[in-house]
Amino acid sequence: AKDVKISGSGEAYEPSLVALDNNRFALAWEEDARIHLRLVTPTELGPVITLGEGETTQPSLASDDQQLLLVYSQRDGRYGRIWMQRIAIDGHALHLKQGCAVDAEPARDEQLYPTVTRLANRVIVAWEDRRPGHTIIMAAQNNDQNSCRFGPPQRISEGLSGRRAPYGKGHGVARVALAQYGAGQALAVWADKRNFREGYDIYAAHYQPGKKQMFGPNIRVQDSFGGVAQQWHATVAGTPSGRLVVGWDDKRDGDANIFLSWLEGDGWSDDIAVPGADGTGEQNHPTISLDREGNLHLAWTERTTINGPTRVRYLFGRVIK
């Protein structure tokens, strides 16, 4: 279908999309330093609601039965602080319900780029956090659907033991993504610069329900052929049957191309450069989704020349049994 303008007259960034029933989609985006939301269908645009009185940025949406979960960074004094807002769905309209800071402690440094997923009886939020003087990945969980209170946040990305000399206060991490899969399982993935000679790699950690440590050991997702190339912009998708796929853009072949790896038992498959999303030019910023049959839906931005104009591309991948 032809494209439809969702945002208003201002400059719009950071769109987030979630599919609902009855051909409805919920969208959130950042416009004029405020988060805007609306429902859309193939034939109708619902009314826009605007979140908060101050600066709100970097929205991320998830569905929770008959309501939405929205996480975002809200300016609180000097720093951005991660908040979650529950939103009721009424036909083609949205209504704000409960909202709260995910970390009850006042922000001591920037909290940025949150993401959210819902499991059977809990909500998990992850984000970038700079409280130790460098960026780490943090997470917190809410175990009560009738409240907006979260437990104490925990660090997901592991620190490195031994000398810190190459990193200053610590190595960098960026842009965590969350996805649920299987029966009450979830995976966090992010770009991680713990090997400073190679640039960023893609790392992941599995959610551990019922354990003191919310997420398990950090695991490098991409294979050793990634070598000294940089990996960036991690994305992840899963299915209730347990299929789990991670994607990213990767410069191992000279140009930025889209690569995928999928969970195989306790490990990760060899990486595959996606046919149609590799070759000359630049392919980056992927986002992936898996449908009920496990088929892959991939979108990304493409540049035919370095620093040239971008266009959005889409690819469908069918499961071959």
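Residues numbered from 1 in each chain as written. Predicted model: local features only at pLDDT ≥ 70, side-chain atom pairs only at ≥ 80, totals over all residues. Heavy atoms only, no water.

A. Seen up close, the environment of tryptophan 248. Within the element layout of this structure, tryptophan 248 appears in strand β18 (residues 244–250). Taking the relative accessible area as the measure of exposure, tryptophan 248 reaches 0% and is therefore buried. Sequence separation between tryptophan 248 and proline 47 is 201 residues, and the spatial gap between their C-alpha atoms is 34 Å. For tryptophan 248, the side chain forms a polar contact with the side chain of aspartate 250, separated by 2.9 Å. (Helix = DSSP H or I, 4+ residues; strand = E, 2+ residues; numbered from the N terminus. Buried < 20%, exposed > 50% of the residue type's maximum accessible area, 1.4 Å probe, protein only. Polar contact = N/O pair within 3.5 Å; in protein donor to acceptor, adjacent residues only side chain to side chain.)

B. Layout of the environment of alanine 126. Mapped onto the secondary structure, alanine 126 falls in strand β10 (residues 123–129). Non-local contacts of alanine 126, meaning those with residues more than four positions away in its chain, are made with Tyr113, Pro114, Thr115, Met138, Ala139, Ile156, Val176 and Leu178. (Contact = heavy atoms within 4.5 Å.)

C. A look at the sheet that holds strand β13 (residues 173–181). A sheet is described by the order of its strands in space; here four strands give the open sequence β13-β14-β15-β16, paired in antiparallel fashion. Across the chains shown, the open sheet's two edge strands, defined by having one partner strand only, are β13 and β16 (219–220). (Pairing = 2+ DSSP bridges.)

D. Seen up close, the packing of aromatic side chains. Tallying each qualifying case throughout the model produces two aromatic pairs. Here the aromatic rings of tyrosine 200 and tryptophan 232 are separated by 4.6 Å at their centres, their planes lie at 65°, and the arrangement is edge-to-face. You can see tyrosine 200 sitting in the loop between β14 (185–192) and β15 (201–206) and its partner tryptophan 232 sitting in strand β17 (residues 231–238), a full 32 residues away along the chain. By relative accessible area, tryptophan 232 is classed as partly exposed at 26%. Pairing tyrosine 207 with phenylalanine 215 gives two aromatic rings, centres 5.7 Å apart and planes at 65°, and the pair type is edge-to-face. Considered together, tyrosine 207 and phenylalanine 215 belong to a single accessibility category, that of buried residues. (Phe/Tyr/Trp six-rings, centres within 6.5 Å; stacked < 30°, edge-to-face > 60°.)

E. A look at the sheet that holds strand β23 (residues 296–303). Spatially, three strands are ordered β22-β23-β24 in an open sheet, and the strand pairing comes out antiparallel. Each having just a single partner strand, β22 (282–290) and β24 (310–317) make up the two edges of the open sheet. When the angles between neighbouring strand axes are averaged without regard to direction, this sheet yields 20°. (Axes fitted to C-alpha atoms, helices over the stretch in contact; angles between N-to-C directions.)

F. Here's a closer look at the state of the cysteines. Tallied over the entire structure, the rule returns one disulfide. At a sulfur-sulfur separation of 2.4 Å, the disulfide partner of cysteine 100 is cysteine 148. Between cysteine 100 and cysteine 148 the sulfur-sulfur dihedral comes to about -75°; the bridge is accordingly left-handed. Linking cysteine 100 in strand β8 (residues 93–101) with cysteine 148 in the loop between β11 (136–142) and β12 (154–155), this pair joins segments that are 48 residues apart in sequence. Each member of the pair, cysteine 100 as well as cysteine 148, is classed as buried. (Disulfide = S-S within 2.5 Å.)

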